[in-house]
Amino acid sequence: MPPQRSDESLPMDASAPTILALHKFPAAPYQDDDDDSSNSPQSISTSTKLRRWAANRASRLCSKETLYGTLPILTWGPKYTREDLLGDVIAGLTVGLTVIPQGIAYGILAGLPANYGLYSAFLGCFIYCILGSTKAITIGPTAIMALMTHEYGYHGNPQMATLLTFFTGLIVLAAGFLQLGFLIDFMSAPVVSGFTSAAAITIATSQLKGIFGVKVHGEGIIHTFEDLVKNIGDTNYNDLALGITCCLILIAMREMKRIQVVGPGHGNSRTREILQKFIKFTSIARNAIIVMAAAAMVAIMQAHGLKPFSMTKSVEAGLPTPSPPAFSIWDPYQNRTMSFSDMTSALGAGLGIIPLLAVIENVAIAKAFAEGQRIDATQEMIALGICNLVGSFFSSMPVTGSFSRTAVNNSSGVRTPLGGIFTGLLVMLALQFLTPYFVFIPKATLSAVIICAVIYMIEIEIVRPMWRSRRLDLIPFFATFFTCIFWGLEYGIGVGTMISLGMILFKAARPKVVITEKKLPGSSQVYIYVYPDSGLTYPAAEHVRAVVTDAAVIHGNSVEPVVLDCNNVRYSDFTSAECMNLLVKEFRERHQQLIFVGMKRSIRSCWDGAGHSDGRVSCATVADAEQLIADHCNAPEVKVDGAGGTEATA
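Residues numbered from 1 in each chain as written. Predicted model: local features only at pLDDT ≥ 70, side-chain atom pairs only at ≥ 80, totals over all residues. Heavy atoms only, no water.

A.B. asks: So what's going on with the sheet that holds strand β7 (residues 513–519)? Which residues, and what values?
C.D. replies: Here 5 strands make up an open sheet; going across it, the order is β7-β8-β9-β10-β11 and the pairing mixed. Here the strands that pair on one side only, and so sit at the sheet edges, are β7 and β11 (617–619). The average angle at which neighbouring strand axes cross in this sheet is 25°, direction not considered. Sheet analysis places strand β9 (residues 562–565) next to strand β10 (residues 594–597), joined by 4 bridges and oriented parallel. Looking across to β10, one finds that Val-562 is bridged to Leu-594. Here helix α27 (residues 622–634) sits on the sheet and contacts β8 (526–532), β9, β10 and β11; the angle it forms with β10, its principal contact strand, is near 160°. (Pairing = 2+ DSSP bridges. Helix = DSSP H or I, 4+ residues; strand = E, 2+ residues; numbered from the N terminus. Axes fitted to C-alpha atoms, helices over the stretch in contact; angles between N-to-C directions. Contact = heavy atoms within 4.5 Å.)

Quick look at the structure:
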């Protein structure tokens, strides 16, 4: 939440700076929010931290702020105007004209009857209107969700797809309530871009069978091309001509929005302004226009006894009957009844992959269209989870935010999430009254709609800025991309994430340690200054210990004092505490001075708890350490005689 202006703090002088009352966000009980070593020496117990955190969370849950955050409609609803309504109606109907042909195409892409794509296209619009935090997002079927449903939907079984939607909603909703949105941050931009690009190519390849009018049974890019080449002799040239023509027209209509009929300034005629709006609307509604035009052409040809194209199967008319997902089904492939455990086993990795991808896609779109506003990832997860969970009772396949339809919604001038209501109503009207006419839609046209929607998801342009920014980021990008292409989408995103995390862990395990030889002020006495540039966790403990030891033995000849600056060490654990305590022991055995500087209270407490803290010397600042070294050098030398006594010499 952005900082709120504190009216009581405003100075009378207008030229004086404005004082802002900043929110203090409570640390989680596993975080050290009290690390300043200058604070009270009394350390706060873990139980006290837990009680304070729980009390703070409880007070926030019962606050008005939380209510308005959970139901964003309470924020914008009271301010709703007629201008907002007009903008939402226009945008909602425009998106509806886009989602109807896409819903039919994505239902077929998922291996389901076409009506299931439309079942997925209306309910999320209503729910997101109440719970969504971003005005432009439209929830519904997407190409990636359809592809994943096809892969994990068990031979295109609608009941399995519905159960998959149920679990997707349940998992995403639970993650939202547990505030696990931070886990999405571990999916780096190169991994997401590599996955999206590979998924777009995979989806486009899967639609070539509709363009060529041949049957392809292979899965994945390699097998799809093998089957396509094998059956190339069966190509339906009418489908091929129609598909290519539709692709070219769709691309041309998409680029129409670049045409500027209206010039800058206010000296344009009414005719030019109307023409400009017509061009924009035609470009936005291109999918609906091309599908209706193709269907009309086919209807006329069939009226004259011509059937040159491969056609879409009949779509069941009417709205879905609300019912809970099936938790046991009859399996015609194995001729037995599948129990709930059998169904979950058949869904396999899809129970984890699909919720993850749904959240990533939705949050990424929310950030892209946030217009500078802060995005609440947790609230987006709750909204998305409820959309899927409730949608599973209406025969929906997994849904998430659609980038293409959100872009259409935003460019159409949507004002609030209420625009989704009109999109949902238009889809419901289509299901109720227009389904008998869907049989006139050629498969080649639907394939062209999907191909032209996903080819712009291929993010080739991101390679150049990554090369200029940090070339190492190209490793997870290409690893994700090629693994998705040649192995599988679910494996690609896993491999890319593991590589990205491995790069982070390597940096954490091998932090940069600065070693400098310094002299005491006004003296020729030298000491070794060691400064780790990051925290000290267990993967880095042995490395830092080895670097400090080498600095003491090689640079300091096992004699010169060593100052270890811990100002950047804000977190520690038992392993690193053990390493540092062993380091102290080694220095003590060599009679070499080791001084820790700038230790936080929590770090000192952690290291003390690991034991062997008696011989550790610490100072608040480097100046204090230098004074301690000077005092040590000026102290009389103590020798041990043969009888076990001590002798001091000047």
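A.B. asks: Residue-level account of a positive patch on the surface, with values.
C.D. replies: Residues Lys-209, Lys-215, Lys-313 and Lys-443 make up a contiguous surface patch of positive charge. Along the chain, the position of Lys-215 falls in the loop between α10 (208–212) and α11 (220–230). (Patch = residues over 30% accessible without salt bridge, like charges linked within 9 Å, V, L, I, M, F, W, Y side chains within 5 Å. Areas by Shrake-Rupley, 256 points an atom, 1.4 Å probe, with all protein chains shown as cover. Salt bridge = Lys/Arg side-chain N within 4 Å of Asp/Glu carboxyl O. Lys, Arg positive; Asp, Glu negative; His and termini not counted. Charge placed at Lys NZ, Arg CZ, Asp CG, Glu CD.)

A.B. asks: Which residues make up the layout of surface pockets, and what values do they have?
C.D. replies: Roughly 1,400 Å³ of volume is contained in the second largest pocket. Ile-108, Leu-109, His-150, Lys-209 and Val-216 are the residues nearest the centre of the second largest pocket, which is lined by 49 residues in total. The element best represented in the lining of the second largest pocket is α11, accounting for 5 residues. Residue composition of the lining of the second largest pocket, by class: 20 nonpolar, 21 polar and 8 charged. (1 Å grid on protein atoms, 1.4 Å probe; cavity = no way out; pocket = protein on both sides within 12 Å on 5 of 7 lines; lining within 4 Å. Points joined across faces, edges and corners; volume = space filled by probe spheres on them. Nonpolar A, V, L, I, M, F, W, Y, C, P; charged D, E, K, R; others polar.)

A.B. asks: Give a description of the packing of aromatic side chains that names residues and reports values.
C.D. replies: Under the counting rule described, the total for this entry stands at 13 aromatic pairs. Ring geometry for Phe-166 versus Phe-167: centroids 5.7 Å apart, planes at 75°, classification edge-to-face. A relative accessible area of 13% means that Phe-167 is categorised as buried. On the numbers, 6.2 Å between centres and 10° between planes, the contact of Tyr-529 with Tyr-531 is stacked. Looking at Tyr-531, the relative accessible area reads 25%, which means it is partly exposed. Here the aromatic residues Phe-477, Phe-478, Phe-481, Phe-482 and Phe-486 are joined through ring pairs into a cluster of three or more. For Lys-518, the ring lying beneath its charged end belongs to Tyr-529, and the centroid distance is 4.0 Å. Positioned over the ring face of Phe-587 is Arg-590, at 4.6 Å from the centre of the ring. (Phe/Tyr/Trp six-rings, centres within 6.5 Å; stacked < 30°, edge-to-face > 60°. Buried < 20%, exposed > 50% of the residue type's maximum accessible area, 1.4 Å probe, protein only. Lys NZ or Arg CZ within 6 Å of the ring centre and 35° of its normal.)

A.B. asks: Describe the pattern of salt bridges, and please don't skip the residues or the numbers.
C.D. replies: Per the counting criterion, the structure on display carries 9 salt bridges. Notably, a salt bridge pairs Arg-270 with Glu-273, separated by 3.8 Å at the nearest N-O pair. Highlighted residues: Arg-270 and Glu-273, both in helix α13 (residues 270–284), separated by 3 residues, approximately one helical turn. In this structure, Arg-545 and Glu-586 form a salt bridge, with 2.3 Å as the shortest nitrogen-oxygen distance. You can see Arg-545 sitting in helix α24 (residues 538–555) and its partner Glu-586 sitting in helix α25 (residues 574–589), a full 41 residues away along the chain. When salt bridges that share partners are traced, they join Arg-254, Glu-255 and Arg-258 into one network.

Interpretation note: all reported values are geometric properties and have no functional meaning in isolation.
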